[in-house]
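# Descriptive structure summary
What follows is the residue order along each chain.
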Amino acid sequence: MSQPIVILNFGSQFTQLIARRVRQAHVFSQVLACDAPIDEVKALNPAGIILSGGPASVNDEGALWFDPAVLTLGIPVLGICYGMQIMAKALGGSVARASKGEYGLSEVTLNTDSRLFAGLKPVSDSWMSHSQQVASLPDGFIATAATGTCPIAAMENAPARLYGVQFHPEVTHSLLGEAIIRRFVLDICLCHQDWYMDSFATRAIEEIKSAVGEGTVLLGLSGGVDSAVVAALIQKAIGDRLYCVLVDHGFMRKNEAQLASEVFTAHFPAHLFAVDASDRFFEKLKGITDPEQKRKIIGAEFVAVFREEAQKLGALDHFAQGTIYPDVIESGAVPGSVTIKSHHNVGGLPAELGFTSLIEPLRTLFKDEVRELGRVLGLPPAMTDRQPFPGPGLAIRTLGELTREKVNITRESDAILLEEFENAGLHKSVSQFFAVNTNLRSVGVMGDGRSYDTAIAIRAVTTDDFMTADWARVPYDLLALVSRRITNEVPGVNRVLMDVTTKPPASIEWE
Ligand code: XMP
């Protein structure tokens, strides 16, 4: 691999987007904490450095800081929003509160004689989100863009290879954003474009071969895309020395367990042990209505079942899991960050079960790259294009106490919704859609009689990052069809609702 772009993370919600945009230009990017020691940055031999945005003000006491030595390595640096402001401040410029904050799209005028913006359209809409801005430039810098209220919306010192933009080129709403990132990465940092999933697959398979040697590997399959891609990679590397365990807790979507079983016995011959543990889960969850408690019980029971099944298989050498890059970033790439997202199904297991090593071949990949890798490896679209699905599955889409009957209503309604949304092609434009069993009963008429049955809600959202989301504007005729089919075909349902709430204030899931 040639030299990467290193991103120093000052805590912006867009940091991962910056890393993805760079990779979409086929250049590898890595995120480090903003205060990473200079030696750690240098050890990665970066071709360029990007300073991310951040939620704080650079003038606040205790504002996140960095080692300003990154500005004197002679490597190109691009500061975005907070990153631009911290660059200005570190080099003797000043940052002050703007007369008026700018949030959303602003018209930005670019100086196309500048190095960063050469060849671009001089005026375009860009995404702004700031209340502070650079008030005076450091020595050697010129202003290279402006908006109505922000006279220094970009700056550069081209001989020193330092650049800053107040707006967010990583956000898709910024029309020239992609061009600006490509200009920085390809024309200024002169990166080689060698980040492609087919070469990644070849390298990863070789690495797995050499890590595993003649040994065996245990992997928990969840039915989701990450663990399926890990299984496919390992299977290609070591064949049937891969042992997969699929714990069906009883809350999977319709046909989900079957799909995994088919793929990992027919197309990728591995040892697959599918365990129907649903009785145990329903038993443990009797009388439980609190969402958090449901999640905890399911997580703990999952680990217990997985451990028992693993022990039945006898001693295996290595343990594999589908940790992906956002998990790695979220577990500590911002100083003081305490969110450690452990894999809900296998936390703590590797050490406890005595494995010699942990294999995490997707640790450097974003979700869209995992899907691309799955396609390169030949997994079916039904697997690679799967929507995110929560570990506790339909259990948190069936509100209140869980019974088989209620979960079946959720599953059957969900299958109809999925089928019709896919038939209408909405899987291409809507990020996630599913049915929720509201646990609410209401009166209806069925034939000549009165019914008192369940209301199913349709949840469909569009989102870039699942941190914020809008409800999807689904065509009325499709809603009518889904409603008609669910009420006709799923016994126990007499009403269908549409959830028209954004996130925030609602979350995507209902529990
Ligand atoms: P929320 O409900 O927090 O969901 O707005 C955001 C995204 O995360 C998914 N989600 C989960 N994924 N384990 C997971 O692996 C979980 O416990 C979990 N809870 C929510 C959710 O489906 C959505 O895509």
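Structural data are supplied above this passage.
Figured I'd write up the structure that's included with this text. (Residues numbered from 1 in each chain as written. Predicted model: local features only at pLDDT ≥ 70, side-chain atom pairs only at ≥ 80, totals over all residues. Heavy atoms only, no water.)

## Brief notes about the packing of aromatic side chains
Applicable threshold: A pair of Phe, Tyr and Trp rings is counted when the ring centres sit within 6.5 Å of each other, with Trp represented by its six-membered ring. The angle between the planes then sorts it: under 30 degrees is stacked, over 60 is edge-to-face, the rest tilted. Strands here mean DSSP runs of E at least two residues long; helices mean DSSP runs of H or I at least four residues long; both are numbered from the N terminus. Throughout, exposure labels follow a simple rule: accessible area from a 1.4 Å probe, protein chains only, divided by the maximum for the residue type, with under 20% read as buried, over 50% as exposed, and the rest as partly exposed.
Enumeration according to the criterion identifies 15 aromatic pairs in this entry. Between the aromatic rings of phenylalanine 306 and phenylalanine 319, the centroid separation amounts to 6.2 Å while the plane-to-plane angle is 90°, which identifies the pairing as edge-to-face. With phenylalanine 306 in helix 9 (residues 291-312) and phenylalanine 319 in strand 13 (residues 318-320), this residue pair connects regions lying 13 residues apart in the sequence. A relative accessible area of 1% means that phenylalanine 306 is categorised as buried. Residue classification places phenylalanine 319 among the buried residues on the basis of a relative accessible area of 0%. Ring centres 5.4 Å apart and planes at 75° place the aromatic pair tyrosine 325 and phenylalanine 366 in the edge-to-face group. Highlighted residues: tyrosine 325 in helix 10 (residues 325-330) and phenylalanine 366 in the loop between strand 14 (357-359) and helix 12 (367-377), separated in sequence by 41 residues. For the pair formed by tyrosine 325 and phenylalanine 366, the shared burial category is buried.

## Observations regarding helix 9
Counted only if it meets this: Helix span, expected: 1.5 Å multiplied by one less than the number of residues in the helix.
Helix length check: helix 9, at 22 residues, gives a terminal C-alpha distance of 32 Å against a target of 32 Å (1.5 Å per residue), a fit within 8%. Once helix 9 ends, the next one or two residues include glycine 314, with phi positive near 80°.

## Side note on the side chain of glutamate 309
Inclusion rule: Think of a polar contact as two N or O atoms within 3.5 Å of one another; within protein, one of them needs to be a possible hydrogen donor and the other a possible acceptor, and neighboring residues in sequence only count if both atoms come from side chains. Residue contacts are defined here by distance: any two heavy atoms, one from each residue, within 4.5 Å place the two residues in contact.
Examined against the element boundaries, glutamate 309 turns out to sit in helix 9. Within polar-contact distance, the side chain of glutamate 309 engages the side chain of lysine 312 at 2.8 Å. Each residue touching glutamate 309, except ones within four places of it in the same chain, is listed here: Val245 and Val275.

## Description of the sheet that holds strand 9 (residues 162-165)
Quick reminder of the rule: DSSP calls a pair of strands paired once it identifies at least 2 bridges connecting them. Every axis in this analysis is a line fitted to C-alpha atoms, fitted for helices over the stretch in contact. Angles between the N-to-C directions lie between 0 and 180 degrees.
Reading across from one edge, 2-1-3-4-9-8-7-5-6 is the order of the nine strands in this open sheet, with mixed pairing throughout. Taken across any chain shown, the strands that pair with only one partner, and hence form the sheet edges, are strand 2 (29-33) and strand 6 (123-136). Sheet twist, expressed as the average angle between the axes of neighbouring strands with direction ignored, equals 20°. Two elements, strand 3 (residues 48-51) and strand 4 (residues 77-80), share three bridges in a ladder whose sense is parallel. Following the sheet pairing, leucine 51 is matched in strand 4 by glycine 79. Helix 3 (residues 82-90) rests against strand 3, strand 4, strand 5 (94-110), strand 6, strand 8 (154-157) and strand 9 of the sheet, and its axis sits at about 115° to strand 4.

## Details of the pairing of strand 11 (residues 242-248)
Convention followed: Viewed with both strands pointing away, a crossover whose connecting path from the first strand over the helix to the second turns clockwise is right-handed.
By the criterion of burial, strand 11 is predominantly enclosed, with five of the seven residues buried. When strand 11 meets strand 12 (residues 271-276), the two strands line up parallel, connected through six bridges. Paired with valine 245 across the strands is phenylalanine 273, a residue of strand 12. A crossover links strand 11 with its parallel partner strand 12, the connecting element being helix 7 (residues 256-267), and its sense is right-handed.

## As for the nonpolar core
Rule in force here: In plain words, nonpolar cores are sets of buried Ala, Val, Leu, Ile, Met, Phe, Trp, Tyr and Cys residues tied together by side-chain atoms within 4.5 Å.
Core analysis: the largest hydrophobic core is formed by 44 residues, its most contacted members being Ile234, Leu242, Phe264, Leu362, Leu373 and Leu379. Sorting the residues of this core by element identifies helix 5 (197-212), strand 10 (217-221), helix 6 (225-238), strand 11, helix 7 and helix 12 as the ones contributing at least two each. Here this core takes ten residues from helix 6, the largest share from any one element. In terms of nonpolar packing, the next biggest core, distinct from the first, is built from 37 residues, Ala47, Ile180, Ile188 and Ile329 among them.

## Focus on the site of the ligand
Quick reminder of the rule: In this text, near means that some heavy atom of the residue lies within 4 Å of the molecule or strand in question. We get accessible surface area from the Shrake-Rupley algorithm with a probe of 1.4 Å; when it comes to residues, only the shown protein chains can shield them.
Surveying the vicinity of the ligand reveals the residues Arg295, Pro388, Phe389, Pro390, Gly391, Pro392, Gln432, Phe466, Lys503, Ser507, Ile508 and Glu509. Here an oxygen atom of the ligand and a side-chain polar atom of lysine 503 are 2.7 Å apart. Here an oxygen atom of the ligand sits 2.5 Å away from a polar atom, N or O, in the side chain of glutamate 509. Bound to the protein, the ligand loses 69% of the 500 Å² it would expose on its own.

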